[in-house]
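# Chains, contacts and geometry: an overview
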Amino acid sequence: MIKKTFKDIDVTGKKVFVRVDFNVPQDETGKITDDTRIRAALPTINYLVKQNAKVILCSHLGRPKGVVNEKYSLAPIAERLSELINMKVKMAKDVIGSSAKGLVAEMKEGEIVLLENVRFHAEEEANDEAFAKELASLADVFVNDAFGVAHRAHASNAGIARYIPAVAGFLMDSELIALSNAVNNAEKPLVVILGGAKVSDKINVISSLMSRANTLLIGGAMANTFLVAKGYNIGFSKFEEDRIDVAKSIMEQAESLNVKLVLPVDVVAGNSFAPTAKRKNFTIDKIASDYQALDIGKKTRKLFEKEIKKAKTIIWNGPMGVFEFKKFRKGTLAVAKAVAKSGAVSIVGGGDSVAAIQELGFANKVTHLSTGGGATLKFLEGATLPGVAMLEDKDAPSKTKKSPDFSKIDNKTIAKNSVKKATVSAKPKENAKTTVPSKKVEPKTASLKATTTAKTSASSKTTTASKKSATTKSKTNK
Ligand code: AMP
């Protein structure tokens, strides 16, 4: 469903409560080390200021767990924001109560007030109704621009929408459009690249995208579980013992759906999990028992680059190796370079993947760098995001009742629902191809329809492969 944005309603002179994601990284002294998230909110803030709205900004920062903790104060953010937009940003001592109300009451048109960390109140994450109502009482309109927390049903991004008209901000809208187009209107071939720590974290994404993708490239530690499922001995590399069957079933599904699933053929391994580890290359059938795979190898880089070159649409989430260690980041950087140079519509999400693109200075060569971690994955899974579901539908008359009422659903229910058991539809690839547009798709809709949900089991465990020396193809490292 396409959602209304702040441009669809009149905000002039109105008090606008904007939920932003200012959860920026800081050093021990509180200094902001990366202000990307603040910058990402500027288009919305600038637009509202220009429209003479009274802009009330709300965010969380870190995990203060429902209590006031100065370490997580938004004061440094107010300062940084002031510098970036070159105007004064007033800071309220609390997100509700007299300090917030008092400052808002004094606001003139075009002014900005930043409320203190909303997670200083436990009611925020509990999506408490009274608290949400209190937040709503500060404003006439709610603009949700915090895509990064859209997968959570909290008071400031979902509950509040029950009481005042709720629309998407610029960042939220652009995330929905880009992700939705990549998932629903992808020009084929669609190449999905997944890496990172665990199969269990991305099983739902794989299941959801399996029926749409032409090629699936798997790297990172999650590839190890597939290698074990294929019977390789992987030294003491990390893998998930309780996901071997899942990996097997994914490989079977890929085969039946005619999806090309490409796994590493070689790895860069270390003799310990450390930046200083001794490094050696191995083909996957010869990984030494005292080494662990920490990156994809040279042949795999070439293999992945070749597939990426063929893509018309790319979705990439997760590093190909331990990106944090300089010695083991070549694979991730190679993929970042190939994606940026591909000329395909490209969507990149996840901290390390985005960092790799940025490090290479290729941010402007990628169609969309997603600001969401968990939210991006949930979207790609086809799950309903509460922070989006609560926004008004584009064609709805203003201030309508939203449906379904996600404000009342707690996060446990959401987590449970989003991993509901369902199998991937065994749609033949040809069918998928008949729906493929022949030209590059321009962003136009933000459909949130889940067409597939995923199959997963309840828990997951990362294991280090045993040091068994067997390298036979039929054995698994159970
Ligand atoms: P994710 O959050 O799922 O994208 O996972 C990112 C994490 O996966 C990073 O911290 C990487 O260090 C880690 N990772 C990627 N490849 C490997 C690997 N081969 N062995 C251990 N950790 C890995």
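It should be emphasised that the depicted structure is a prediction, and the values quoted were computed from it without experimental measurement.

### Points about a positive patch on the surface
Residues R279, K298, K327 and K330 make up a contiguous surface patch of positive charge. Here R279 lies in strand β12 (residues 279-283). With a relative accessible area of 47%, R279 lands in the partly exposed category.

### Brief notes about the sheet that holds strand β6 (residues 166-168)
If you walk across this open sheet you meet the six strands as β3-β4-β2-β1-β5-β6, and the pairing is parallel. Two strands lie at the open edges of the sheet, namely β3 (89-91) and β6, each paired on one side alone. On average, each strand axis in the sheet is inclined to that of its neighbour by 25°, with strand direction left out of account.

### Here's the deal with the side chain of N317
Here N317 is to be found in strand β14 (residues 313-317). A polar atom in the side chain of N317 sits 3.1 Å from the side chain of K202. Looking at N317, its side chain comes within polar contact range of the main-chain oxygen of G349, at 3.4 Å. In this structure, N317 is in contact with I193, L194, G195, K202, G349, G350, S353 and L377, ignoring residues within four places of it in sequence.

### Topic: the environment of S249
Relative to the helices and strands, S249 is located in helix α9 (residues 244-256). Spatially, the C-alpha atoms of S249 and A229 are 9.7 Å apart, while their sequence positions differ by 20 residues.

### Regarding the site of the ligand
Neighbouring the ligand are 14 residues; A197, K202, A293, G321 and E324 lie closest to it. At a separation of 3.5 Å, a nitrogen atom of the ligand approaches a polar backbone atom of G321. Considered on its own, the ligand offers 500 Å² of accessible surface; in the complex 80% of this is hidden by protein. Taken together, the elements giving at least two residues each to the shell around the ligand come down to α8 (220-229) and β13 (292-296). Here the shell around the ligand is built from residues that sort into seven nonpolar, four polar and three charged.

### Quick look at the confidence of the model for the chain
It should be kept in mind that the predicted coordinates are not to be read in detail where pLDDT is low. Within the chain, residue pLDDT values average 85, and 83% of them lie at 70 or more. In the model, residues 466-478 has pLDDT below 50 throughout and makes 34 contacts with residues more than four positions away in sequence or in other chains.

### Looking at the sheet that holds β12
Spatially, three strands are ordered β12-β11-β13 in an open sheet, and the strand pairing comes out antiparallel. The open sheet terminates on both sides in strands that have one partner only, identified here as β12 and β13. In this sheet, neighbouring strand axes are inclined to one another by 40° on average, regardless of whether the strands run parallel or antiparallel. Taken together, the four bridges between strand β11 (residues 266-270) and β13 define a ladder with antiparallel strand orientation. Residue A269 lies in a different strand from β13, and its bridge partner there is A293. Across the sheet, helix α10 (residues 298-310) lies against β11, β12 and β13, angled at about 35° from β13, the strand it touches most.

### Examining the packing of helix α1 (residues 36-50) against helix α2 (residues 75-85)
Interaxial distance between α1 and α2 falls to 11 Å at its minimum, and their mutual angle equals 60°. Regarding the angle of α1 to α2, the classification is oblique. With respect to the hand of their crossing, α1 and α2 are arranged in right-handed fashion. Contacts between α1 and α2 involve I38, R39, L42, I45 and N46 from the first element and I77, R80, L81, L84 and I85 from the second.

### Examining the packing of aromatic side chains
Per the counting criterion, the structure on display carries four aromatic pairs. Between F282 and Y291, the aromatic rings sit 5.4 Å apart at their centres with planes inclined by 65°, giving edge-to-face as the arrangement. Neither residue differs from the other here; F282 and Y291 are each classed as buried. For the cation-ring pair, K238 lies above F273, with the distance from its terminal atom to the ring centre recorded as 4.1 Å. When the ring centre of F323 is taken as reference, the NZ or CZ atom of R329 above it lies at 4.1 Å.

### Considering α1
With 15 residues, α1 extends 22 Å from end C-alpha to end C-alpha; this agrees with the ideal 21 Å at 1.5 Å per step. Along its length, α1 shows its largest kink, about 40°, at L42, and proline P43 lies within four residues downstream of that point. All of the buried residues along α1 are I38, A40, A41, L42, T44, I45, L48 and V49. Buried residues belonging to α1 abut β1 (15-19), β2 (54-58), α2, β4 (112-114), β5 (141-144) and α6 (170-184). Of the residues trailing α1, N52 is marked for its positive phi of about 60°.

### A closer look at the pairing of β1
As a general feature of sheets, a regular strand has side chains that alternate between the two faces. Across the five residues of β1, four count as buried, placing the element largely inside the fold. Handedness of the β-α-β unit built from β1, α1 and β2 comes out right-handed. Pairing between β1 and β5: four bridges, direction parallel. Looking at β5, one finds that V16 is bridged to V141.

### Considering the side chain of S156
Structurally, S156 is set in the loop between β5 and β6. On the basis of relative accessibility, which here comes to 0%, the residue S156 falls in the buried class. At 2.6 Å, the side chain of S156 and the side chain of R19 are in polar contact. In this structure the side chain of S156 is engaged in a polar contact, spanning 2.6 Å, whose partner is the side chain of E124. Setting aside residues no more than four positions away along its own chain, S156 makes contact with F17, R19, C58, V118, E124, L135 and F142.

### Brief notes about the pattern of salt bridges
Under the defined criterion, the tally for this structure stands at 19 salt bridges. A salt bridge links R37 to D21, with the shortest nitrogen-to-oxygen separation between them at 3.6 Å. Remark: D21 occurs in the loop between β1 and α1 and R37 occurs in helix α1; sequence separation between them is 16 residues. Salt bridges linked by common partners bring D35, R39, R80 and E83 together as one network.

What counts, and where the lines are drawn
In this convention, every chain numbers its residues from 1, walking through the sequence in written order. In view of the model being predicted, local features appear only for residues whose pLDDT reaches at least 70, and side-chain atom pairs are presented and counted only at 80 or more, with totals across whole chains, interfaces and linings using the full set of residues. Side-chain measures were taken over the full set of non-hydrogen atoms in the model, leaving aside hydrogen atoms and water. Only residues whose relative accessible area exceeds 30% and that take part in no salt bridge are eligible for patches, with like-charged residues grouped when within 9 Å of each other and nonpolar side chains (Val, Leu, Ile, Met, Phe, Trp, Tyr) grouped when within 5 Å. Values of accessible area rely on a 1.4 Å probe in the Shrake-Rupley scheme; residue burial ignores everything except the protein chains shown. In what follows, salt bridge is the name for a side-chain nitrogen of Lys or Arg lying within 4 Å of a carboxyl oxygen of Asp or Glu. Charged residues are defined here as Lys and Arg on the positive side and Asp and Glu on the negative side; His and the ends of the chain fall outside this count. The location of each charge is read from NZ of Lys, CZ of Arg, CG of Asp or CD of Glu. Think of it this way: any DSSP run of H or I at least four residues long counts as a helix, any run of E at least two long counts as a strand, and we number them from the N terminus. Throughout, exposure labels follow a simple rule: accessible area from a 1.4 Å probe, protein chains only, divided by the maximum for the residue type, with under 20% read as buried, over 50% as exposed, and the rest as partly exposed. Pairs of strands are assigned from DSSP output, requiring at least two bridges between the strands. Note on geometry: axes are C-alpha line fits, over the in-contact stretch for helices, and angles between N-to-C directions span 0 to 180 degrees. For this analysis, a polar contact is any N or O atom pair within 3.5 Å, provided that within protein one partner can donate a hydrogen and the other can accept it, and provided that sequence-adjacent residues contribute only side-chain to side-chain pairs. The contact criterion used throughout is that any non-hydrogen atoms of two residues lie within 4.5 Å. A cutoff of 4 Å decides nearness: a residue is near a molecule or strand if any of its heavy atoms lies inside that distance of it. Each residue receives one of three labels: charged for Asp, Glu, Lys and Arg, nonpolar for Ala, Val, Leu, Ile, Met, Phe, Trp, Tyr, Cys and Pro, and polar for the others, Gly being one of them. For every residue, the predictor reports its confidence as pLDDT, a number between 0 and 100. Should an angle fall under 35 degrees it is called roughly parallel, over 145 degrees roughly antiparallel, and 65 to 115 degrees roughly perpendicular, with every other angle called oblique. Each crossing gets its handedness from the near helix: less than a right angle anticlockwise from the far helix is left-handed, clockwise is right-handed. Here a pair means two rings of Phe, Tyr or Trp (six-membered ring of Trp) with centres within 6.5 Å. Their orientation is stacked below 30 degrees between planes, edge-to-face above 60, and tilted elsewhere. In this analysis the charged atom, NZ for Lys or CZ for Arg, is taken to sit over a ring once it is within 6 Å of the ring centre and within 35 degrees of the ring normal. Helices are assigned an expected span. That span is 1.5 Å times one less than the residue count. Note on bend: at a given residue it equals the angle between the axes fitted to the 7 residues ending there and to the 7 starting there. For the handedness criterion, the strands are oriented away from the viewer, and a crossover whose path from the first strand over the helix to the second runs clockwise is classed as right-handed.

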